[in-house]
Every structure is written in structure tokens, then in C-alpha cells.
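Structural overview
In case you want the letters, here they are:
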Amino acid sequence: MRQNFDVLIVGGGVTGAAVGYGLAKKGISVGVVDATPSVDRASRSNMGLIWCQSKALGNRNYVEWCFSSSKLFKSLASELKKTSGIDIEYTESGGLIPCLGEEEFTKRSDYLDALRKEAGEKGYPGTMLTRDELQAKLPNITFGTNVTGATWCAEDGLVEPLKLMFALRHGMEHLGGTLIPNTNVIDIAKTESGYLITTDDGEIECTRLVLAAGLGNRQLAGKFNVTVPVVPNKGQVFLTERVPDILPSPLLGITRTRGGTIMIGFEHEYVGTDTSLHTEKFCHVAKWATDIWPALADLRIIRTWSCLRVWPKDGFPIYDKIPGHENAFILNAHSAVTLAAVHIAELPDFIMGKEICKTAADFTLSRFDEK
Ligand SMILES: Cc1cc2nc3c(=O)[nH]c(=O)nc-3n(C[C@H](O)[C@H](O)[C@H](O)COP(=O)(O)OP(=O)(O)OC[C@H]3O[C@@H](n4cnc5c(N)ncnc54)[C@H](O)[C@@H]3O)c2cc1C
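The structure contained in this document is the topic of the report that follows. The model shown is predicted, which means the values in this text are computed figures rather than measured ones.

A closer look at the overall build of the protein
Helix and strand counts for the protein come out as 8 helices and 17 strands. In summary, the protein has a C-alpha radius of gyration of 21 Å against a globular reference of 21 Å for 371 residues, a match within 12%. Seen through its principal axes, the protein has C-alpha atoms that stretch 65 × 45 × 40 Å. Expressed as a percentage of contacts within the protein between residues at least 6 apart in sequence, the contacts between residues at least 24 apart total 72%. Carbon and sulfur atoms make up 49% of the accessible area of the protein, which amounts to about 16,400 Å² in all. Charged side chains in the protein number 39 positive and 44 negative. The centres of these two groups are separated by 2 Å.

Considering the pattern of salt bridges
Under the defined criterion, the tally for this structure stands at 17 salt bridges. Where glutamate 267 meets lysine 281, a salt bridge forms, and the shortest distance between an N and an O atom there is 3.7 Å. In this pair, glutamate 267 sits in the loop between strand 14 (262–264) and helix 7 (279–292) while lysine 281 sits in helix 7, placing the two residues 14 residues apart along the sequence. Assessed through its relative accessible area of 13%, glutamate 267 is described here as buried. The partner of glutamate 326 in a salt bridge is lysine 321, and the shortest N-O contact between them spans 2.6 Å.

A look at empty space enclosed by the protein
Empty space among the atoms becomes apparent when a probe as large as a water molecule is rolled across them. Under the criterion given, the structure shown has 1 cavity of 30 Å³ or more. Considering only enclosed or pocket space, the largest cavity measures out at about 70 Å³ in volume. A breakdown of the residues in the lining of the largest cavity according to their chemical character gives 4 nonpolar, 2 polar and 4 charged. Of the domains in this structure, domain 1 (3–83 + 160–228 + 315–368) and domain 3 (230–312) are the two that each give at least three residues to the lining of the largest cavity.

Focus: the site of the ligand
Close to the ligand lie 36 residues; Thr15, Asp34, Ser43, His334 and Thr338 are nearest. A distance of 3.2 Å is found between an oxygen atom of the ligand and a backbone nitrogen or oxygen belonging to valine 14. Between the ligand and serine 335, the relevant distance is 3.4 Å, taken from an oxygen atom to a main-chain nitrogen or oxygen of the residue. If the ligand stood free it would expose 1,000 Å²; the protein chains cover 95% of that surface. Taken together, the elements giving at least two residues each to the shell around the ligand come down to helix 1 (14–25) and strand 15 (301–312). Examining the composition of the shell around the ligand, we find that 3 residues originate from one element, strand 15, more than from any other.

Here we look at helix 2 (residues 60–84)
An ideal rise of 1.5 Å per residue puts 36 Å on 25 residues; helix 2 measures up with 34 Å between its terminal C-alpha atoms. Roughly 40° is the biggest bend found in helix 2, and it falls at phenylalanine 73. After helix 2 finishes, the residue glycine 85 shows a positive phi value of roughly 80°.

Notes on the environment of valine 7
Structurally, the position occupied by valine 7 is in strand 1 (residues 3–10). When its relative accessible area of 0% is taken as the criterion, valine 7 is described as buried. With 264 residues separating them in the primary sequence, valine 7 and valine 271 have C-alpha atoms 34 Å apart.

Quick word on the packing of aromatic side chains
Counting across every chain of the model gives 10 aromatic pairs. Centroid distance tryptophan 65 to tyrosine 319: 5.7 Å. Interplanar angle 55°. Geometry classified as tilted. Highlighted residues: tryptophan 65 in helix 2 and tyrosine 319 in strand 16 (residues 318–321), separated in sequence by 254 residues. Like tyrosine 319, tryptophan 65 is buried. Of the aromatic side chains, those joined through ring pairs into one cluster are Tyr62, Trp65, Phe316, Tyr319 and Phe363.

Describing the sheet that holds strand 14
Strand order across the open sheet formed by 4 strands is 13-14-12-15, with antiparallel pairing between neighbours. Across the chains shown, the open sheet's two edge strands, defined by having one partner strand only, are strand 13 (254–256) and strand 15. Sheet twist, expressed as the average angle between the axes of neighbouring strands with direction ignored, equals 25°. Two elements, strand 12 (residues 230–240) and strand 14, share 2 bridges in a ladder whose sense is antiparallel. Note on strand 14: the bridge partner recorded for phenylalanine 238 is isoleucine 264. Along the sheet face, helix 7 touches strand 12, strand 13, strand 14 and strand 15 and points at about 55° away from the line of strand 12.

What counts and what doesn't
Residues numbered from 1 in each chain as written. Predicted model: local features only at pLDDT ≥ 70, side-chain atom pairs only at ≥ 80, totals over all residues. Heavy atoms only, no water. Helix = DSSP H or I, 4+ residues; strand = E, 2+ residues; numbered from the N terminus. Rg over C-alpha atoms; globule rule 2.2 N^0.38 Å. Contact = heavy atoms within 4.5 Å. Areas by Shrake-Rupley, 256 points an atom, 1.4 Å probe, with all protein chains shown as cover. Lys, Arg positive; Asp, Glu negative; His and termini not counted. Charge placed at Lys NZ, Arg CZ, Asp CG, Glu CD. Salt bridge = Lys/Arg side-chain N within 4 Å of Asp/Glu carboxyl O. Buried < 20%, exposed > 50% of the residue type's maximum accessible area, 1.4 Å probe, protein only. 1 Å grid on protein atoms, 1.4 Å probe; cavity = no way out; pocket = protein on both sides within 12 Å on 5 of 7 lines; lining within 4 Å. Points joined across faces, edges and corners; volume = space filled by probe spheres on them. Nonpolar A, V, L, I, M, F, W, Y, C, P; charged D, E, K, R; others polar. Domains from an automatic or database assignment. Near = heavy atom within 4 Å. Polar contact = N/O pair within 3.5 Å; in protein donor to acceptor, adjacent residues only side chain to side chain. Expected span 1.5 Å × (residues − 1). Bend = angle between axes of the 7 residues up to and from the residue. Phe/Tyr/Trp six-rings, centres within 6.5 Å; stacked < 30°, edge-to-face > 60°. Pairing = 2+ DSSP bridges. Axes fitted to C-alpha atoms, helices over the stretch in contact; angles between N-to-C directions.

In C-alpha cells, the structure reads:
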């Protein structure tokens, strides 16, 4: 028998799972169909940072979008514990961006000033810390001699990202939604009442369709003759052996997981879908990390991996109707962990036919026209 949903979401990564969870909370019949990812593994390979600070000068809406998500995480974490039974290990850790040398410190400080100026009366959370202030915040770390300070923002945070994805999926199922795992969407056809989805395990009908398949959206949107301006952006990460809890706040690029390992990596590469690991990249990142925190050099590396970010070409999310389709939607974002809480809060109403909230109203496909 064909399954039938009011809303079918293609993609069960953190974006699709968050929206599925939000829809199920509203009592809407929702299915999430997810293929077993081979390379599309961003939701399974990321740092778990709720990161808002020091980004997006020139796009106030995106800045507000990120901070409004971060504010919702505390209550989301306790809600997910109840609905899914999973603790996403959210910590209001704050976040730090370390500076090496005076020039970098000045650059960071100027950027923060510009963000503050742009925010005007609303104000901008975040401040510069001198080396001594950084040392006082992280007293158990001996910083490298060239560390001059850091930016600090109390509204950044940390979650265990795999637990977040599974909590959203389980929570959605608990609230009446349906997860259809290990199933690849092969084709999409418009019907009189909605869409007929062909998968490698049968057909599914739905009234509304949401494409939240990360990089897979490019192929799926092709079924509508639509180009999604999203590209793979490769990150390489390495993981050290466990250390005691001496890094309560992540340094951007150096994060202690709740399990005690340290995750290191920050590079962004545009190399198509190539996920091979390159030692010279690791050496570059390792040099930077040990310049910040020399004792890292004494730790054993226990794992390395690379993964493709889902990168909208201008760096901002895409939430839009597919042109010519009132009930089919495209969702893509490169910081979908950070944005998960606001996605739950705001995107379900949009999918059910309301206007998207003002802050997200510019994140359309049409902004890429003629670029
Ligand atoms: C190294 C690294 C570190 C990162 N760190 C952070 C961080 O600290 N904080 C943060 O906010 N973000 C971070 N990100 C980004 C974040 O991981 C992504 O924004 C997020 O995972 C994207 O989720 P998604 O659900 O949109 O896409 P994906 O995770 O790619 O999920 C898409 C899903 O759709 C499925 N799919 C694709 N095609 C089909 C199809 N035809 N049929 C059915 N299913 C399909 C895939 O199998 C996959 O499961 C990081 C990313 C990387 C690579």
C-alpha cells in the first residue's frame, strides 16, 4: 500500500529532522524519507557548535536569525529530553575565537566594532578579551606565546550533534511523524492533489513536499528544472584522545566534546565532491592549533575524517517555494545545527502556507538571479 502524508520531507539530516519535528509538534501528518548517505554526511560529521558570533557583517537578518536560534536551545534541549528520551548534551558554553599576533587581534576587534555599529541600538553580544582575560576564563590551558587574546560571546553553545539529529528524529516519531530510513528518492511527479514520490522501495504520496536533502537537493530540484545554488565545501577534522574537562568553552576550530576528545579543524575547501584526506592540510591546522595550545602536540590522534558542508553560494540559507509550485519547498543551510531550533520554530508554518517571518524573508532563491 502506498504511504500518504500531508507533508513529505526528503532528507533526514538535521534540517529535515528539525522541520519534521516542528510539523509533528503541530499534529501534522509528516513523513521524512532519508537515504543512507555515502558522502552527504554533514549532519553526522560536524562540530556541534551553536555558533553565532563574529559572522555575517552586512546581513543583519542572518545575524538575528542565528542568535534567535541560540536563545531557543536551552528549552529545546529539555523539550527533546521529554519527547525523545535523548539528552542532546547542550551546554551554554559560550564561544571563543583565539587571536594569534597583534594584527589578528586588531582585525577581530575592528570586525566586532563594525558588527556593533551595524546592530545600532539593538546591541551586539560579544566582546574582545585580552590574553590575561582569556587566561582567566580558561585557567587550565597554557596558551602559546603568540596568543594575544580572543573574541568572546556568551550566546554561543555546544551540543552533541549526532544526539541532536537522533533526538529530532525520535521526537518526531514519538509525536506521530514517520521516519522512512534507508530509502532513496528517485523521482518526483506532480499529481492533481500533490506529489507522487518514487523511491527505491515503492511510492509515497503527499500534499506538500519539502526538499531538505542537503547537497542532494541539487539533483532533486533538477526534477523541477530548478538549479539550487548550493556547492560542496570540504572540511577535514581530526580527533585526539580524551582529556579532562579543561576546555569548557570551545575555541573556534578546537572543541572538547562532552566525551572528552578534542575535535580540531576549521578549513574550508571547494574541491567538488572529493572527500579524500590530505596530510598537508592536517599539518597546517595542527600547526595553528599547537600555536594556540602547545600541549595539544602531546596528545595522540585517534581519528580523522573529511566531510562536505552544504554551502549556499552566498553563505546564507535558502528557504523558498519551488518556482511555480505553491506546495513544494527547498531548504538549505550551511549551519543547520546552529539553526535547528529556529527551523523548528519558524519553518513549519511557512510550509503549511503562512508567510515566512520577516527575518528570513530574504532567504529566497530569486536573490541568486543574474549573479
Ligand atoms: C566538518 C564540519 C563541521 C561543521 N560544524 C558545524 C557546527 O559546528 N555548527 C553548525 O551549525 N554546523 C556545522 N556544520 C554544518 C552542518 O553540519 C550542516 O549545515 C548540516 O549538517 C546540514 O544538514 P542537512 O540536513 O541540511 O544536510 P545533510 O546532513 O547533508 O543531510 C541530508 C540528508 O538527505 C539525504 N538525501 C540526499 N539525497 C536524498 C534522496 N535522493 N533521497 C532521500 N534522502 C536523500 C542524505 O542521505 C542525508 O541524510 C559543519 C559541517 C562540517 C562538514
